Every structure is written in structure tokens, then in C-alpha cells.
Amino acid sequence: MQFKPGDLAIVQNSRWPSNNGRLVLVLDVIPARERDPYVIQPIDGGALIVNGEACDWAYAAPCYLRPLPRIDVDERDELEAVA
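Described below are features of the structure shown in this document.

What counts and how
- Residues numbered from 1 in each chain as written.
- Predicted model: local features only at pLDDT ≥ 70, side-chain atom pairs only at ≥ 80, totals over all residues.
- Heavy atoms only, no water.
- Helix = DSSP H or I, 4+ residues; strand = E, 2+ residues; numbered from the N terminus.
- Buried < 20%, exposed > 50% of the residue type's maximum accessible area, 1.4 Å probe, protein only.
- Contact = heavy atoms within 4.5 Å.
- Areas by Shrake-Rupley, 256 points an atom, 1.4 Å probe, with all protein chains shown as cover.
- Phe/Tyr/Trp six-rings, centres within 6.5 Å; stacked < 30°, edge-to-face > 60°.
- Core = buried A, V, L, I, M, F, W, Y, C linked by side-chain atoms within 4.5 Å.

1. What to know about the overall build of the protein
Then, in step 1: Across its full length, the protein holds one helix and seven strands.
Then, in step 2: Taken from N to C terminus, the helices and strands of the protein fall in the order β-β-β-β-β-β-β-α.
Then, in step 3: Each of the 83 residues in the protein was classed as buried or not, and the buried ones make up 27%.
Then, in step 4: In the protein, of all internal contacts separated by at least 6 residues, the share reaching a separation of at least 24 is 41%.
Then, in step 5: For the protein, the accessible surface area stands at approximately 5700 Å², while carbon and sulfur atoms represent 52% of it.

Take a look at the structure:
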């Protein structure tokens, strides 16, 4: 499994465009759910749309999640200097 509980991810390729780009927290991983093993919850405000309904959490397949971009050490130093 690519993600584990506590990881942050970005929603992608959702059939509901308002979900795409949303920041979510992986609450749990259920390997028995082979097709959509991740339990996710949005953390950027609002609900996810699942089957046309607003939901506080959802199951997600790996193809609908991507990891956050990695911040290189140089970029992190620049961000700390600005703050």
C-alpha cells in the first residue's frame, strides 16, 4: 500500500470535479477492500462528493490519490527564511 494512516494525499481523477485537488487525510487502510482500500477525510474544509452526496469521509482507490509534492531541503530553507 502506498499510503498509511496519518498520511496526507491529494484527490485526483475524481468523477466529481469539485473533489479534485482536495487535501485529504488517510484515516485507515483496509486491505480486504482490494478495489478501494483507503478511508479518507477532507481536511481543507467542506465535504467530499460521493455518488452525488456530500460525505465527511469516503473510501478511495489508489488511482484517486496522489502524495503531496516533496519539498527539497533548499526549498524548505527558503520557506523558513521567508517566514
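2. Describing the environment of Val-26
Then, in step 1: Structurally, Val-26 can be placed in strand β2 (residues 23–29).
Then, in step 2: Excluding residues within four positions of it along the chain, Val-26 makes contact with Phe-3, Lys-4, Pro-5, Gly-6, Asp-7, Tyr-38, Val-39 and Ile-40.

3. Thoughts on the packing of aromatic side chains
Then, in step 1: For the structure on display, the rule yields two aromatic pairs.
Then, in step 2: Arranged with centres 5.5 Å apart and planes meeting at 85°, the rings of Phe-3 and Tyr-38 form a pair that is edge-to-face. Taken as a pair, Phe-3 in the segment before β1 (8–11) and Tyr-38 in strand β3 (residues 38–42) lie far apart in primary sequence, 35 residues in all.
Then, in step 3: Using a relative accessible area of 4% as the deciding quantity, one classes Phe-3 as buried.
Then, in step 4: The class of Tyr-38 is buried, set by a relative accessible area of 1%.
Then, in step 5: Look at Trp-57 and Tyr-59: their rings are 5.2 Å apart centre to centre, the planes differ by 85°, and that puts the pair in the edge-to-face class.
Then, in step 6: When its relative accessible area of 35% is taken as the criterion, Tyr-59 is described as partly exposed.

4. A few points about unusual backbone geometry
Then, in step 1: At Asn-13, a position not held by glycine, the phi torsion is positive, near 60°.
Then, in step 2: By the secondary structure assignment, Asn-13 is in the loop between β1 and β2.
Then, in step 3: At Asn-51, a position not held by glycine, the phi torsion is positive, near 50°.
Then, in step 4: Note on placement: Asn-51 falls in the loop between β4 (48–50) and β5 (53–55).
Then, in step 5: The exposure class assigned to Asn-51 is exposed, which follows from its relative accessible area of 62%.

5. So, the nonpolar core
Then, in step 1: In terms of nonpolar packing, the biggest core is built from twelve residues, these being Phe-3, Ala-9, Val-11, Val-24, Val-26, Val-29, Tyr-38, Ile-40, Leu-48, Ala-58, Ala-60 and Leu-65.
Then, in step 2: Taken together, the elements giving at least two residues each to this core come down to β1, β2, β3 and β6 (58–60).
Then, in step 3: The leading source of residues in this core is β2, at three residues.

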